[in-house]
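Given next are the chains, with one letter for each unit.
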Amino acid sequence: MMLGRVVAVLVALLTSLGGAHAEIPAKDRRSGFDFMSPQTQAMQADDTSNPGMFAVLEGERLWRESQGDSGKSCASCHRDAEQSMRGVAARYPAYDEDTKRPIDLAGRINRCREKRQSATPLARESDALLALTTYVAHQSRGMPIEPASDPRLEPFRNRGRRWFERKLGQLQLSCASCHDDRPGARLGGSVIPQAHPTGYPIYRLEWQSLGSLQRRLRGCLVGVRAEPFEFGAPEYVEIELFLMSRAAGLKVETPAVRP
Amino acid sequence: MTRALVNVPKTAARGEIIEIRAMIQHPMETGYREGLNGERIPRHIIKRFVCKYAGEEIFSAELFPAIAANPFLAFTTIATESGTLTFEWTDDRGETQTASAEITVT
Amino acid sequence: MNDRPNRPTLAAAIRAVTGDAPVIEGRVKFEIAPLVENGNAVPVKIEVDSLMTAEAHVRRITMITEKNPQPDVAVFHLGPRAGRAQVSTRIRLATSQVVVALAELSDGSFAISRANVVVTIAACIEDLSRA
């Protein structure tokens, strides 16, 4: 009985020690694109076969449409998105002066709607918000992810890191358990990627539709049998902030196609 | 509005075999899925696709629920003359969506 | 996945297309991954060895599945203007099964190719009840 107790304590010690994970060195970082079959890669690489491009087209239309009581469109202030939005997604989430917290791209779009367009915020995961987010992020396609250097983001980034390394859910798995420790291995029939948010919003074959990083994270949380945070929860933005640092150097691919 | 994306080479040599790609935004609801309340989600699919080149049909397809959402088709044709390629999708409610592209053949 | 006892067998589904016409193996190159990334969207490419002349060409290509709720996937109508007998699309596969490409030639005969495809469920299924 005593021996059993000692063994249990030892096992607990050893597994908890495994909680500190080293970041993937920049030269070893690989986008989820690299873990896909050639057929799925081809689907993403061709704008005529990538269904995410429909969201880009819809986003472009919404960009030019006047919104809310202001009668202003995004273009009224930001003009041509190809110029003004270039590089933006590559350095998001950014620090938001109003809330004193990090804000993701969809959150920023909604704040702009409220403050400057006198328009109601768009619901998370709505077609319209996904389309605008995809359109804006698409303007950074091909650019390397370069996390914002604002030092005020540091505590939030560290919170995101801790979420990434914490064992969650009934299955007691952390993001790191799969994505730091076992990329390239298989979970069921699926190849485990390194989990870099290079192409969000993505067209996911499993969803048969476009979705946000938050939707994807919820899928993983439910997968480990944890209670997922609500859409728009600050935890997701902290996690995204950390994930984008972890992905620094990889190119933005929005809209990506993923299995 | 249902969107379509088509890709036709802008120019081609007479007699050259060219590749055409076309994709339309559509859920291709199979009719086999159940909603959260257990009720069957009704079928709603694109049934037919026709491509015409200068008014003449050069390719067509009959599509069934086993075609993936946002149906994508790639096929070939011989570049015969400068003109318009038209694309028409018809769904199972009888509604059609069209797109077109120009080609210059020298 | 629902049970579909009324679904024709693969052999019956092939016969519904070919009737009594001769069916030969070969000439059809059927490109489909042996282990698919996701059964919701499986890219396929079918190429038939044919010069596509007015005298000898592929009239149509039919794709059929063995275990989907219904056998038909698509029928593509070609002709001499195609230049090549080649078509690509993305299909849905409900489970691991045989997928068949049947090319009808202008002389009324058929060429066939079969592919054995493994389809697995995604590792983490989305919980749609949580909005």
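Everything below is about the structure shown above.
Presented here is a report on the structure given in the accompanying data block. Predicted model only: the values in this text are computed from it and were never measured.

## Some words on the interface of chain A and chain B
How big an interface is tends to be stated in terms of accessible area lost as the parts join.
And then number 1: Between chain A and chain B, the residue contacts involve seven residues of the former and 10 residues of the latter.
And then number 2: In the side of chain A that touches chain B, the residues fall into four nonpolar, three polar and no charged.

## Here's the deal with the packing of helix α8 (residues 154–165) of chain A against helix α11 (residues 234–246) of chain A
All names here are of chain A.
And then number 1: As a packed pair, α8 and α11 sit with axes 7 Å apart at the nearest point and diverge in direction by 90 degrees. As summarised for this structure, α8 and α11 are arranged roughly perpendicular, according to the angle between their axes. Here Phe 156, Arg 157, Arg 159, Gly 160, Arg 161, Trp 163 and Phe 164 of α8 lie close against α11, whose contacting residues are Glu 235, Glu 238, Ile 239, Leu 241, Phe 242 and Ser 245.
And then number 2: A breakdown of the residues in the contact of α8 with α11 according to their chemical character gives six nonpolar, two polar and five charged.

## Here's the deal with the environment of Met 52 of chain C
All names here are of chain C.
And then number 1: For Met 52, the location among the structural elements is in the loop between β3 (42–48) and β4 (58–65).
And then number 2: A C-alpha to C-alpha distance of 20 Å links Met 52 and Ala 21, two positions 31 residues apart in sequence.
And then number 3: Aside from chain neighbours lying at most four places away, what touches Met 52 is His 57, Val 58, Pro 80, Ala 82, Gly 83, Arg 84 and Ala 85.

## Things to note about α8 of chain A
All names here are of chain A.
And then number 1: The first and last C-alpha atoms of α8 sit 17 Å apart over 12 residues, in line with the 16 Å expected at 1.5 Å per residue.
And then number 2: Restricting attention to buried positions, one finds in α8 the residues Arg 157, Gly 160 and Arg 161. Burial along α8 is one-sided: seen end-on, the buried residues are contained in an arc of 100 degrees.
And then number 3: The elements touched by buried residues of α8 are α11.

## Brief notes about the interface of chain C and chain B
And then number 1: Facing the 27 residues of chain C at the interface are 20 residues of chain B.
And then number 2: Of all the secondary structure elements, the ones that give two or more residues to the side of chain C that touches chain B are β5 (72–77) and β6 (85–91) of chain C.
And then number 3: For the side of chain C that touches chain B, a count of residues per class yields 11 nonpolar, 11 polar and five charged.
And then number 4: Bridge count for strand β5 (residues 56–63) of chain B against β5 of chain C is four bridges, and the pairing is antiparallel. Bridge assignment links Ser 60 of chain B to a residue of β5 of chain C, and that residue is His 77 of chain C.

## Focus on the nonpolar core
And then number 1: One finds Val 136 of chain A, Ile 67 of chain B together with Ile 61, Ile 91, Leu 102 and Ala 103 of chain C to be the most contacted residues of the largest nonpolar core, which totals 114 residues.
And then number 2: Three or more residues apiece are contributed to this core by two domains, here domain 1 (28–46 + 150–258) and domain 2 (52–138) of chain A.
And then number 3: Residues in contact with Ala 103 of chain C, not counting those within four places in the same chain, are Val 28, Val 48, Val 58, Ile 61, Ala 85, Phe 110 and Ala 111 of chain C.

## With respect to the pairing of β5 of chain C
Residue and element names in this part refer to chain C.
And then number 1: Two strands pair when backbone bridges link them, and β4 and β5 are joined in this way by five bridges, in the antiparallel orientation. The residue of β5 that forms the bridge with Met 63 is Ala 74.
And then number 2: Counting the residues in the hairpin turn of β4 and β5 gives six residues.

## As for the environment of Leu 205 of chain A
And then number 1: Within the fold, Leu 205 of chain A resides in the loop between β5 (202–204) and β6 (209–211).
And then number 2: A tally of 25 C-beta atoms within 10 Å means that Leu 205 of chain A is categorised as buried.
And then number 3: Taking the C-alpha atoms as reference, Leu 205 of chain A lies 7.4 Å from Val 257 of chain A; in sequence the two are 52 residues apart.
And then number 4: Contact partners of Leu 205 of chain A, with chain neighbours within four places excluded, come to Pro 259 of chain A together with Glu 37, Asn 38, Asn 40 and Ala 41 of chain C.

## Observations regarding unusual backbone geometry
When glycine is set aside, most residues are seen to have a negative phi, and most peptide bonds are trans.
Residues and elements named next belong to chain A.
And then number 1: The omega torsion across Tyr 92 and Pro 93 is 0 degrees, close enough to zero to call that bond cis.
And then number 2: Structurally, Pro 93 is set in the loop between α5 (81–84) and β1 (94–96).
And then number 3: A cis amide bond links Tyr 200 to the next residue, Pro 201, at an omega of -10 degrees.
And then number 4: Within the secondary structure, Pro 201 sits in the loop between β4 (190–191) and β5.
And then number 5: Positive phi, close to 60 degrees, is recorded for Lys 100, a residue that is not glycine.

## Examining the environment of Gly 59 of chain A
All names here are of chain A.
And then number 1: Inspection of the secondary structure puts Gly 59 in helix α3 (residues 52–64).
And then number 2: On the neighbour-count criterion, Gly 59 (28 C-beta atoms within 10 Å) is buried.
And then number 3: Taking the C-alpha atoms as reference points, Gly 59 and Arg 141, separated by 82 residues in sequence, lie 15 Å from one another.
And then number 4: Excluding anything up to four places from it in sequence, Gly 59 contacts Ala 131, Leu 132, Thr 134 and Tyr 135.

What counts, and at which threshold
- All residue numbers refer to positions counted from 1 along the written sequence of the respective chain.
- Ligands are numbered from 1 and chains lettered from A, in the order in which they are written.
- Where local features are concerned, this predicted model is filtered to residues with pLDDT of at least 70; where side-chain atom pairs are given and counted, the filter is 80 or more; whole-chain, interface and lining totals use all residues.
- Contact between two residues is assigned when their C-beta atoms, built from the backbone, lie within 7 Å.
- Asp, Glu, Lys and Arg are counted as charged, while Ala, Val, Leu, Ile, Met, Phe, Trp, Tyr, Cys and Pro are counted as nonpolar; the rest, among them Gly, fall into the polar class.
- What counts as an axis is a line fitted to C-alpha atoms, over the stretch in contact for a helix, and the angles between N-to-C directions run from 0 to 180 degrees.
- The helix count covers DSSP runs of H or I at least four residues long, the strand count covers runs of E at least two residues long, and both are numbered beginning at the N terminus.
- Roughly parallel refers to an angle under 35 degrees, roughly antiparallel to one over 145, roughly perpendicular to one between 65 and 115, and oblique to any angle outside these ranges.
- Residue count minus one, scaled by 1.5 Å, sets the expected span of a helix.
- Residues with at least 20 other C-beta atoms within 10 Å of their own are called buried, those with 12 or fewer are called exposed, and the rest are partly exposed. The C-beta atoms themselves are positioned from the backbone.
- Here the arc refers to the set of directions running from the helix axis out to each C-beta atom.
- Whether two strands pair comes down to DSSP finding at least two bridges between them.
- For this entry, the nonpolar core is defined as buried Ala, Val, Leu, Ile, Met, Phe, Trp, Tyr and Cys residues connected by C-beta atoms within 7 Å.
- Domain limits in this description derive from either an automatic procedure or a database domain assignment.

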